[in-house]
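Topology and contacts: notes
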Amino acid sequence: MILYYSATGNTKFIATELAKKLDDQCIDLLGRIKKNDYSELHSDNPFIVCAPVYICEMPRFMSDYLKNVELTGNKAVYFIANSAGYAGITGWLAKKLFKKKGMEFMGCSELIMPRNYYISHYPQLTEEEIKNRIFKSFDKIDDIANSIQNCEHLKSRHVFLFEKLITLPFNPIWSKHKLKTEDFFATDKCIGCGKCETVCPLNNITLKEDKPTWGTTCAHCMGCIGNCPTSAIEYGEITREKGKYNFEEYRHFLNEIR
Ligand SMILES: Cc1cc2nc3c(=O)[nH]c(=O)nc-3n(C[C@H](O)[C@H](O)[C@H](O)COP(=O)(O)O)c2cc1C
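Here is a short report on the structure shown in this document. The shown structure was predicted, so the numbers you read here are calculated from the model rather than taken from an experiment.

1. Structural notes on the site of the ligand
Around the ligand there are 24 residues in total, and Ser6, Thr8, Thr11, Val53 and Asn82 lie nearest to it. Val53 is positioned such that a nitrogen or oxygen atom in its backbone is 2.7 Å from an oxygen atom of the ligand. Between the ligand and Ala84, the relevant distance is 2.9 Å, taken from an oxygen atom to a main-chain nitrogen or oxygen of the residue. For the ligand, whose accessible area on its own is 650 Å², the fraction buried by protein is 94%. Looking at the shell around the ligand, the elements with two or more residues in it are α1 (10-22) and β6 (76-83). A per-class count over the shell around the ligand returns 13 nonpolar, ten polar and one charged. Counting the residues that make up the shell around the ligand, at least three belong to each of domain 1 (2-162 + 252-257) and domain 2 (178-249).

2. Some words on the packing of aromatic side chains
Counting across every chain of the model gives 13 aromatic pairs. For the pair Tyr5 and Phe61, a centre-to-centre distance of 4.9 Å together with 90 degrees between the ring planes defines the contact as edge-to-face. Here Phe61 lies in helix α3 (residues 60-68) and Tyr5 lies in the loop between β1 (2-4) and α1, a separation of 56 residues in the sequence. Judged by its relative accessible area of 9%, Phe61 is buried. Relative to Trp174, the ring of Tyr117 has its centre 6.1 Å away and its plane inclined at 65 degrees; by these criteria the two rings are edge-to-face. One end of the pair, Tyr117, is in the loop between β7 (104-112) and α5 (127-149); the other, Trp174, is in helix α6 (residues 161-178), and 57 residues separate them in sequence. With respect to class, Tyr117 is no different from Trp174; both count as buried. Cluster of aromatic residues (ring-pair linked, three or more members): Tyr5, Tyr54 and Phe61.

Quick notes on the rules
- Residues numbered from 1 in each chain as written.
- Predicted model: local features only at pLDDT ≥ 70, side-chain atom pairs only at ≥ 80, totals over all residues.
- Heavy atoms only, no water.
- Near = heavy atom within 4 Å.
- Polar contact = N/O pair within 3.5 Å; in protein donor to acceptor, adjacent residues only side chain to side chain.
- Areas by Shrake-Rupley, 256 points an atom, 1.4 Å probe, with all protein chains shown as cover.
- Helix = DSSP H or I, 4+ residues; strand = E, 2+ residues; numbered from the N terminus.
- Nonpolar A, V, L, I, M, F, W, Y, C, P; charged D, E, K, R; others polar.
- Domains from an automatic or database assignment.
- Phe/Tyr/Trp six-rings, centres within 6.5 Å; stacked < 30°, edge-to-face > 60°.
- Buried < 20%, exposed > 50% of the residue type's maximum accessible area, 1.4 Å probe, protein only.

Here's what the structure looks like:
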């Protein structure tokens, strides 16, 4: 059973490709995370958990969910992290989490996918770079699927002590000071469809008079911005300058290269 959370489609792509190759079931955790639904998930096959990287870890709301959800059946768990270039201590933390749940950790594979965090200071990738990353991910997904099929451990990257020492205190400080919501707003293009409310993993968006309003508990996942069907959601001026990302906009490219 493949479990994933994805804000802007990269992780969903990886999870669904693995599901196809392994002929396994794929479960989007978003609805369960939103409802705090920790009810049993049973799998006779190994669990495969796919996650994006947020500030060198898997999203905290996802790790909190995985700590509490009841996973029964097969005790083996594979972990697949995808980032825009640096996954930090994500694999190491996942190993600790699943070991604590009494599961056998079968390793962590890291993929580099297009960056979705457009409101950060990082420069935007060109269209060519985005396509190149998606293209390269095919081989990596194949390798991962083959290893899982052969019941092999995935080769995890070694996480150095200095990475742990820097990231462990950095993540909470960054989250406290940087995850602001005041700059989110919807333009006149907003049609009041409520998609942003539906995709927000922290239930932080509420429609008031058919327009989204943001509370204070935000992970900056980019789900609201990246999934708005009319591109109506902005974050200050930065999204106007840099644009928005959603994997689905590259679906036609996938069809071309297949
Ligand atoms: C809040 C936030 C923090 C992120 N932090 C990192 C990071 O520390 N390192 C990195 O390489 N990419 C980082 N990224 C980029 C995402 O991990 C990457 O684009 C991922 O593929 C997005 O997956 P999704 O489309 O399934 O949501 C971050 C993205 C967000 C939204």
